[in-house]
Amino acid sequence: MPPPLPLLGTRRAPTDQSGESAPDDSGALSGALAQAGALAPPGTVAQAGVSAPAGALDDAHDDALDDAELRTARAALAQGRWQAARSLLLHTGDDWDRRGHRVTVLAAQPYAAAWAREWQLAEPGSADAATLFALTLVHRALGGKEEAGRAREACSAAAAFAPADPTPLLGRLLLARTMGPESELLSTFAELRDRHPEHHHAHHLLVARLAERPQGGRAESHEVYDLAERAAAEAPADSPLAVLPVVAYAERYRVLAATGLAPADPAASGHWSGPRARRILRACFDWWLEWEHDDHPRRHVDLNHLAFAMSCAGRPAEAAALFQRIGRHATRAPWSYAHRDGWQSFRSARHRALGRTSEEASPAGA
């Protein structure tokens, strides 16, 4: 039996619990998924700028999403002007979700490690410089260009440097999600959650990995659904973690499709047609209508997951409203799941929902 999931809280009792914990053979399954090309999908690492595999979305997708200040600092960092990144992170303050988003995107730049190291040498007392440098090593390790152990050590050093900041632990979690045993993932998540209980990206990484646990019981009884619903129930009413159950369904579909247990066409899979899936979609869409956060740095990640789910469930009216909000900010995940062309999948779903020509459906013209 795997260890208890570190999401127990006291805010509200979880609802609709189903399924039982499966044996922890996630290491073997992760290996099979890696061979199938599904272990490091854009929804878990790449969408946050820690991995940028080649694909049809490269010309239409920007990991910075709608953060103009981040795009400016990233461009300056690419030219060796790390002072812009310094100013950006200084003014980000303790907005932890935004800090995590900005650091992971900056860390993905080709020469970010060199410039972050130069910043460290210039300001050896800077926790921001230590954190950015650690995340650049994480990015390089995930790309096979750095030792994972060195990246972990850098993240731990940065975490000690900034005892309140969850971002260095996010770097360790990114490594654990793709390269470590599940026990490392769970312990790192618990440590990160002590610093920021509602960390958006961290919950997405946890769900993505636990979706790879083997199925137990009925189709809608997988424990990742229970975990996601519990996290949503325990979070404050206005927390974007309310959308996490929809993310869990997309991640589980990724695994099923990669292992041949679901068709490559998600709309034909029936994955979103069960009673639990319909209830989750309705609840998450209703939450979005009431609590939409225009200022959350990763809201487009949630919007894309919601639009994907509504498109697959055959609910074009809801999907159309979401596509209008997404505009040009398509994310690779979950549109690229099942080895599909993510950009074309997004365009096609948007076209079906909005009833426009393919040219009009392009986010570049939104």
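Residues numbered from 1 in each chain as written. Predicted model: local features only at pLDDT ≥ 70, side-chain atom pairs only at ≥ 80, totals over all residues. Heavy atoms only, no water.

**Let's talk about the overall build of the chain**
In step 1: For the chain, the helix and strand inventory stands at 17 helices and zero strands.
In step 2: For the chain, the residues scored as buried account for 58% of the 366 residues in total.
In step 3: A sequence separation of at least 24 residues applies to 70% of the contacts in the chain between residues at least 6 apart.
In step 4: Accessible area of the chain: about 14400 Å², with a carbon and sulfur share of 52%. (Helix = DSSP H or I, 4+ residues; strand = E, 2+ residues; numbered from the N terminus. Buried < 20%, exposed > 50% of the residue type's maximum accessible area, 1.4 Å probe, protein only. Contact = heavy atoms within 4.5 Å. Areas by Shrake-Rupley, 256 points an atom, 1.4 Å probe, with all protein chains shown as cover.)

**Some points on helix 11 (residues 223-234)**
In step 1: The first and last C-alpha atoms of helix 11 sit 16 Å apart over 12 residues, in line with the 16 Å expected at 1.5 Å per residue.
In step 2: Burial within helix 11 is extensive, with 12 of its 12 residues counted as buried.
In step 3: Of the positions making up helix 11, those classed as buried are Glu 223, Val 224, Tyr 225, Asp 226, Leu 227, Ala 228, Glu 229, Arg 230, Ala 231, Ala 232, Ala 233 and Glu 234.
In step 4: Check the buried side of helix 11 and you find it contacts helix 9 (182-195), helix 10 (200-210), helix 12 (244-258) and helix 13 (275-291). (Expected span 1.5 Å × (residues − 1).)

**Section: the packing of helix 3 (residues 83-92) against helix 4 (residues 96-107)**
In step 1: Where helix 3 meets helix 4, the closest approach of the two axes is 10 Å, and the angle between their N-to-C directions is 165°. Judged on the interaxial angle alone, helix 4 and helix 3 are roughly antiparallel. Between helix 3 and helix 4 lies a crossing whose hand is left-handed. In this structure, helix 3 uses Ala 85, Leu 88, Leu 89 and Thr 92 to contact helix 4, whose residues at the interface are Arg 98, Arg 99, Arg 102, Val 103 and Leu 106.
In step 2: Per-class residue counts for the contact of helix 3 with helix 4 are five nonpolar, one polar and three charged. (Axes fitted to C-alpha atoms, helices over the stretch in contact; angles between N-to-C directions. Parallel < 35°, antiparallel > 145°, perpendicular 65-115°, else oblique. Left-handed = near helix turned anticlockwise from the far one by under 90°. Nonpolar A, V, L, I, M, F, W, Y, C, P; charged D, E, K, R; others polar.)

**A short note on the pattern of salt bridges**
In step 1: Considering all chains together, one arrives at 23 salt bridges under this definition.
In step 2: Between Asp 67 and Arg 102 there is a salt bridge, with the nearest N and O atoms lying 2.8 Å from each other. Here Asp 67, found in the loop between helix 1 (26-35) and helix 2 (68-78), pairs with Arg 102, found in helix 4; they are 35 residues apart in sequence, far enough to count as distant.
In step 3: Judged by its relative accessible area of 7%, Asp 67 is buried.
In step 4: Given a relative accessible area of 5%, Arg 102 falls into the buried group.
In step 5: The salt bridge partner of Glu 212 is Arg 254, with a shortest N-O separation of 3.2 Å. Pair noted here: Glu 212 is in the loop between helix 10 and helix 11 and Arg 254 is in helix 12, with a separation of 42 residues, a long-range link.
In step 6: Owing to a relative accessible area of 0%, Glu 212 belongs among the buried residues under this scheme.
In step 7: A single salt-bridge network, built from bridges that share partners, covers Arg 177, Glu 212, Glu 251 and Arg 254. (Salt bridge = Lys/Arg side-chain N within 4 Å of Asp/Glu carboxyl O.)

**Focus: the confidence of the model for the chain**
Regions with low pLDDT should not have their predicted coordinates read in detail.
In step 1: Across the chain, pLDDT averages 84, with 80% of residues at or above 70.
In step 2: The model gives residues 6-59 a pLDDT under 50, and that stretch makes 143 contacts with residues more than four places away or in other chains.
In step 3: Note that residues 357-366 has pLDDT below 50 and, in this model, 20 contacts with residues that lie over four places away or in other chains. (pLDDT = per-residue confidence, 0-100.)

**With respect to the environment of Pro 316**
In step 1: With respect to the helices, strands and loops of the structure, Pro 316 is situated in helix 15 (residues 316-326).
In step 2: Sequence spacing of Pro 316 and Leu 354 is 38 residues, and the spatial spacing of their C-alpha atoms is 7.9 Å.

**Comments concerning the environment of Asp 97**
In step 1: Take Asp 97: it is sitting in helix 4.
In step 2: For Asp 97, a relative accessible area of 11% puts it in the buried group.
In step 3: It is 7.4 Å that separates the C-alpha atoms of Asp 97 and His 201, two residues lying 104 residues apart in sequence.
In step 4: A distance of 3.1 Å separates the side chain of Asp 97 from the backbone nitrogen of His 200, its partner in a polar contact. (Polar contact = N/O pair within 3.5 Å; in protein donor to acceptor, adjacent residues only side chain to side chain.)

**So, empty space enclosed by the protein**
In step 1: Inspection of every chain in the model, using the stated rule, returns two cavities of 30 Å³ or more.
In step 2: By volume, the largest cavity is sized at about 110 Å³.
In step 3: Every residue along the wall of the largest cavity is listed here: Pro 240, Val 243, Trp 287, Trp 288, Glu 292, His 293, His 296, Arg 299, Asp 302, Leu 303 and Leu 306.
In step 4: For the lining of the largest cavity, the elements supplying multiple residues, two or more each, are helix 13 and helix 14 (299-312).
In step 5: The dominant element in the lining of the largest cavity, judged by the number of residues it contributes, is helix 14, at four residues.
In step 6: Among the residues making up the lining of the largest cavity, the classes are represented as six nonpolar, two polar and three charged. (1 Å grid on protein atoms, 1.4 Å probe; cavity = no way out; pocket = protein on both sides within 12 Å on 5 of 7 lines; lining within 4 Å. Points joined across faces, edges and corners; volume = space filled by probe spheres on them.)

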